[in-house]
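Structural features, examined
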Amino acid sequence: MKLSPLQMARYQYQPKLPGMLRNGISEICVKNGEATESVADQEKIKALFPNTYGKNEITFQKGQNTSEARKQVVGVILSGGQAPGGHNVICGLYDALKASGKDNVLYGFKGGPSGLIEDDYLIFDDEYINQYRNTVGFDIIGSGRTKLETEEQFAIVAENCKKHGINAIVIIGGDDSNTNAAVLAEYFAAHNTGVQVIGCPKTIDGDLKNEDIECSFGFDTATKTFSEVIGNIERDANSAKKYWHFVKVMGRSASHVALECALETQPNVCLIGEEVAAKKMSLAQIADYIADSVANRAAKGWNFGVAIIPEGIVEFVPEFSVLIAEINELLAGEKTAAFNALPTWKEKYAFIEQGLTKESMAVFAILPEGIQQQLFLERDPHGNVQVSLIESEKLFSELVKKNLAARKAAGTYKGKFSPLHHFFGYEGRCAFPSNFDADYCYSLGYNAFMLIQYGYNGYLSKVSNLSKPAEEWVAGGMPITKMMNIERRNGKDKPVIRKALVELDGAPFKFFEAHRAEWAVETCYTYPGAIQYFGPSEVCDLTTKTLALEKA
Ligand code: FBP
C-alpha cells in the first residue's frame, strides 16, 4: 500500500485522552454514580433484562486501580455503516489492553457481527494495528449489518468465546447494534458465561445521543466534510450566479446531519424532517416554501441558491407516508409479480390508479415520472419501498420548478431557475477523522477497556463534557438499558434504544429557526473549508456547532 503524505503524518498524531485516563492504567479508579432506570417502559425493560437492568452509572477518576488482576482476552467488532474514527476505537482499546498486561489478547472479528458467528477473526499485534492509527475507514477488520438477535446466534457466539477464552466483547455500532449488545449482555449474564459486553456509540447520523451520550463518533468528521463541500458549492454559486443547488445529505430518518451542515454553511434553505412532520406539511407546501426563497432572491437579481435536503425527508411528509404504505400494500405478496409482468409504464400507471385511494393518487400524480417509477423499482428484503433511495433532491427541485411556472403565469415571478443536484453521504463516512473524532474514538476504546477491567457488562463506553478541551472530558460508563424503551418493530413490541430525532425546542434548531428567514433571501453563506489536522487548536480541535449550542 502506497501511503499519502497526510497518512504518514497522521501516524505521528497522539490522540488526546480525558485527563482522568492520562496517568496510566494503575492510576484509574471507579466513582459510583446513581442507579439507573430506562427512559420509558421501566417495568417491561426490567422484566426483559433482569440481570443487567438498573445498574449504576460510573465515572473513572484518578486513584489506585482496584480491579481484579487477570489475563484479558477481548474480541471486538465494527457494526453497520462506516464512521470516521472507528480504527481509533480499536487502537485505544488495544493500547489500554496491552498497557495493562503484555499477555492480554485482542481478537478482531471480521465483517461485522457475522464474524462472531462464523468465528472469522484475526489477532491484533503492534505491526498490524500501527498501520491503522488515526486512519479512515473500517477496513481494519471490515463491518457488516448482520443482526445479532436470536438465541441460536447468541449460543454460537458464547461457544466461540469459550473456545478462545474470550472474556469480553466490544461492539462498535449504532442504536440497533447497541440494542443487540444489551440483549447479548443479558444472555451472557443469564447463562453465566462470564463474558462481558461493552458498546461504543458510532454513527455519522448523530441520532444515538441523549442526556448521557453527547454525540456519536463520526458525526463531527462527516458533517465537516459535507459542510466543506457545501461551502465550496455556495462559493461557486455566488461566483457563477446561475444555479440553484439541491444537496441531499445522508443521515437516515433524523435530520441532525442536515441541521449541522446548515449551521456551518448558512444556506438559503434547509429542510428539517422533524419540523415537516410536526407541522404536517404537504409536498406542495414544502415546494412553495422553497419557491418563496427562489422568487425572493430572483427579485433581487439573484437566480442562484443552495438548499439542503435531509436523506429521510419524505418519511416525514404525512401524505407521502400514507402513499408509501398504500404502495407497499398494493404490491404485497404475489401482486408484485402481476405488476412487474405489465409491459408498459402506461399499463402499470393504470394498475396503480386503480389500487390507490383518491388522496394518495393525487399525491402520486404530482410526482415527477422518474420518482414515480423509483417507488416501484427499489424494494427492501421485506418488500417495502426504500425511501432513502428516493432522489428527494430531484423531487423537490421538480416540484419547485412547477410551482415557479405557476408563479410566472400569474406574473409574480420573473427569474430563471436552473437546478443542479448532489447527494453527499459516502464522501463523508470515510474522511480522515478530525482531531475531535481521532481523540474521542481513541478515548472511547481506551475507556471500553477500563469498563472491561472493572468487570462491567451491558455498559456503553461514555465520554462526556465534549465541548471542552479533551483534558476536561469525563470518562465512564452507563448501562445500555438506561437508553431503552419499547417500540413496535415488524409488528412486534421490542426493547430498543430510543433514536434521537432533532428536537424542535433544542438550541441548535432554535438558532437555525431564528436565522433562516434572513438566510433564505440574503446571501449569508459561510465557507468552513477543509478539516485542518495541524495548526492552532481553535482551528483544528473545534467540534460541531450542534454540540456547542447544546452545551452553551
Ligand atoms: P449506521 O446507522 O449503520 O451508522 O449507518 C448510517 C448510514 O450512513 C446512513 O446515513 C445511511 O442511510 C446508511 O448508512 C447507508 O447504508 P449502506 O452503507 O448500507 O448503503
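Everything numeric in this text was worked out from a predicted model, so none of it was measured. (Residues numbered from 1 in each chain as written. Predicted model: local features only at pLDDT ≥ 70, side-chain atom pairs only at ≥ 80, totals over all residues. Heavy atoms only, no water.)

In this section: the site of the ligand. If you check the shell around the ligand, you find 13 residues, and the closest are G81, R145, T203, D205 and Y426. For the ligand, an oxygen atom lies 2.8 Å from a polar atom in the backbone of G81. Separating an oxygen atom of the ligand from a side-chain N or O atom of Y426 is a distance of 2.6 Å. Here the ligand has 490 Å² of accessible area as a free molecule, and 79% of this is covered by the chains. When its residues are assigned to classes, the shell around the ligand shows three nonpolar, four polar and six charged. (Near = heavy atom within 4 Å. Polar contact = N/O pair within 3.5 Å; in protein donor to acceptor, adjacent residues only side chain to side chain. Areas by Shrake-Rupley, 256 points an atom, 1.4 Å probe, with all protein chains shown as cover. Nonpolar A, V, L, I, M, F, W, Y, C, P; charged D, E, K, R; others polar.)

With that settled, the discussion passes to the side chain of S392. Topologically, S392 is positioned in helix α18 (residues 392-409). Beyond its immediate sequence surroundings of up to four residues, S392 is in contact with K248, I309, P310, E311, I313 and V314. (Helix = DSSP H or I, 4+ residues; strand = E, 2+ residues; numbered from the N terminus. Contact = heavy atoms within 4.5 Å.)

The next point concerns the nonpolar core. Residues F60, I90, F124 and V170 are the most contacted members of the largest nonpolar core, which totals 82 residues. Per-element tally for this core: the top contributor is helix α20 (residues 435-453), with eleven residues. Those residues in contact with F60 that lie beyond four places of it in its chain are M20, L21, I28, C29, V30, N447, M450, L451, Y454, A475 and G476. A307, I324, L331 and I352 belong to the second largest nonpolar core, which has 47 residues in total. (Core = buried A, V, L, I, M, F, W, Y, C linked by side-chain atoms within 4.5 Å. Buried < 20%, exposed > 50% of the residue type's maximum accessible area, 1.4 Å probe, protein only.)

Turning our eyes to something else, we now look at the packing of aromatic side chains. In this description, a pair of aromatic rings is defined by centroid distance and the angle of the planes. Taken as a whole and assessed by the stated rule, the structure comprises 25 aromatic pairs. For the ring pair Y349 and F364, a centre distance of 5.7 Å and an interplane angle of 45° mean the geometry is tilted. Residue Y349 is located in helix α15 (residues 345-355), and its partner F364 is located in helix α16 (residues 358-366); the two are separated by 15 residues in the primary sequence. Residue F364 is classed as buried on the basis of its relative accessible area, which comes to 0%. Between F432 and Y533 the ring centres are 6.3 Å apart and the planes differ by 70°, which places this aromatic pair in the edge-to-face class. In this pair, F432 sits in the loop between α19 (426-429) and α20 while Y533 sits in the loop between α21 (507-521) and α22 (537-540), placing the two residues 101 residues apart along the sequence. Y533 shares its class with F432; the two are buried. An aromatic cluster of three or more residues is present, and its members are F339, W345, Y349, F351, F364 and F376. Looking at R10, its charged tip hangs above the ring of Y13, at a distance of 4.4 Å from the centre. (Phe/Tyr/Trp six-rings, centres within 6.5 Å; stacked < 30°, edge-to-face > 60°. Lys NZ or Arg CZ within 6 Å of the ring centre and 35° of its normal.)

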